[in-house]
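Structure assessment
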Amino acid sequence: MVSMSLYLTYLGLFLLSLVLNKHYKEVLGKDANKIIKFVCIWLGYLILVISLYAIIQIFGLSLGITYWLGLVGIIIVFIAMIYTYYPKLIIKLSLLLLIITLVFTLI
């Protein structure tokens, strides 16, 4: 369950990063329109709230919020490093992380 909320946090922050035209253009090679930005913003925030709720259910309110904020900081640095050095690989890496998460969740 922790691995799934970790991936959900990553996915939510990744969607929020796609709102910026610079990142969207690096990843997909074209400009984002307003509908895609709107969907990415709302879906990103919704996924982040779900991941926060899952962490709170596991660890309790005070520790859950603390752990979640720590995860957010680490994942932001991770996403920034990927955008800096390998922006074209971020979609493939996201799919790979999804597969790894599903394997760990099912075990």
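Provided above is the structure to which this section pertains.
Summarised in this report is the structure supplied together with it. (Residues numbered from 1 in each chain as written. Predicted model: local features only at pLDDT ≥ 70, side-chain atom pairs only at ≥ 80, totals over all residues. Heavy atoms only, no water.)

Attention now goes to the packing of helix H3 (residues 34–59) against helix H4 (residues 61–85). Relative to each other, H3 and H4 sit at 135°, their axes nearing to 7 Å. Comparing the axis directions of H3 and H4 gives the class oblique. Viewed along their axes, H3 and H4 form a crossing whose handedness is right-handed. Two secondary-structure elements touch here, H3 through Leu 48, Ser 51, Leu 52, Ile 55, Ile 56 and Phe 59 and H4 through Leu 61, Leu 63, Gly 64, Ile 65, Tyr 67, Trp 68 and Leu 71. When grouped by side-chain class, the residues that make up the contact of H3 with H4 number 11 nonpolar, two polar and no charged. (Axes fitted to C-alpha atoms, helices over the stretch in contact; angles between N-to-C directions. Helix = DSSP H or I, 4+ residues; strand = E, 2+ residues; numbered from the N terminus. Parallel < 35°, antiparallel > 145°, perpendicular 65-115°, else oblique. Left-handed = near helix turned anticlockwise from the far one by under 90°. Contact = heavy atoms within 4.5 Å. Nonpolar A, V, L, I, M, F, W, Y, C, P; charged D, E, K, R; others polar.)

Under the definition given, this model contains five aromatic pairs. Ring centres of Phe 59 and Tyr 67 lie 4.8 Å apart, and the angle between their planes is 85°; this geometry places the pair in the edge-to-face category. A residue is classified by how much of its surface remains accessible, and Phe 59, at 35% relative accessible area, is partly exposed. Taking the relative accessible area as the measure of exposure, Tyr 67 reaches 39% and is therefore partly exposed. Three or more aromatic residues joined by ring pairs form one cluster here, namely Tyr 7, Tyr 10, Phe 14 and Phe 78. (Phe/Tyr/Trp six-rings, centres within 6.5 Å; stacked < 30°, edge-to-face > 60°. Buried < 20%, exposed > 50% of the residue type's maximum accessible area, 1.4 Å probe, protein only.)

Looking now at a nonpolar patch on the surface. A cluster of nonpolar side chains, contributed by Ile 35, Phe 38, Val 39, Trp 42, Leu 43, Leu 46 and Ile 50, occupies part of the molecular surface with about 740 Å² of accessible area. Judged by its relative accessible area of 47%, Leu 46 falls in the partly exposed class. (Patch = residues over 30% accessible without salt bridge, like charges linked within 9 Å, V, L, I, M, F, W, Y side chains within 5 Å. Areas by Shrake-Rupley, 256 points an atom, 1.4 Å probe, with all protein chains shown as cover. Salt bridge = Lys/Arg side-chain N within 4 Å of Asp/Glu carboxyl O.)

What follows covers the packing of H4 against helix H5 (residues 90–106). What describes two packed helices is the angle between their axes and the distance between those same axes. Between H4 and H5, whose axes approach to 10 Å, the crossing angle comes to 140°. The angle between H4 and H5 falls in the class oblique. Contacts between H4 and H5 involve Phe 78, Ile 79, Ile 82 and Tyr 83 from the former and Ile 90, Leu 93 and Leu 97 from the latter. Considering only residue class, the contact of H4 with H5 consists of seven nonpolar, no polar and no charged.

Along helix H2 (residues 21–28), the positions that sit buried rather than exposed are His 23, Tyr 24 and Val 27. An end-on view of H2 places all buried positions within 100° of arc, on one side of the element. Summarising the contacts, the buried residues of H2 are in contact with helix H1 (2–17), H3, H4 and H5. One or two positions beyond H2, positive phi appears at Gly 29, with a value near 80°. (Arc of directions from axis to C-beta.)

Our focus in this paragraph is the side chain of Ser 5. Relative to the helices and strands, Ser 5 resides in helix H1. Exposure remark for Ser 5: the relative accessible area of 1% places this residue in the buried category.

Counting residues in each nonpolar core, the largest one holds 22 residues, and the members touching the most others are Tyr 10, Leu 13, Phe 14, Leu 18, Ile 79, Tyr 83 and Ile 90. What Leu 13 contacts, discounting residues up to four positions off in sequence, is Leu 48, Val 72, Ile 75, Ile 76 and Ile 79. (Core = buried A, V, L, I, M, F, W, Y, C linked by side-chain atoms within 4.5 Å.)

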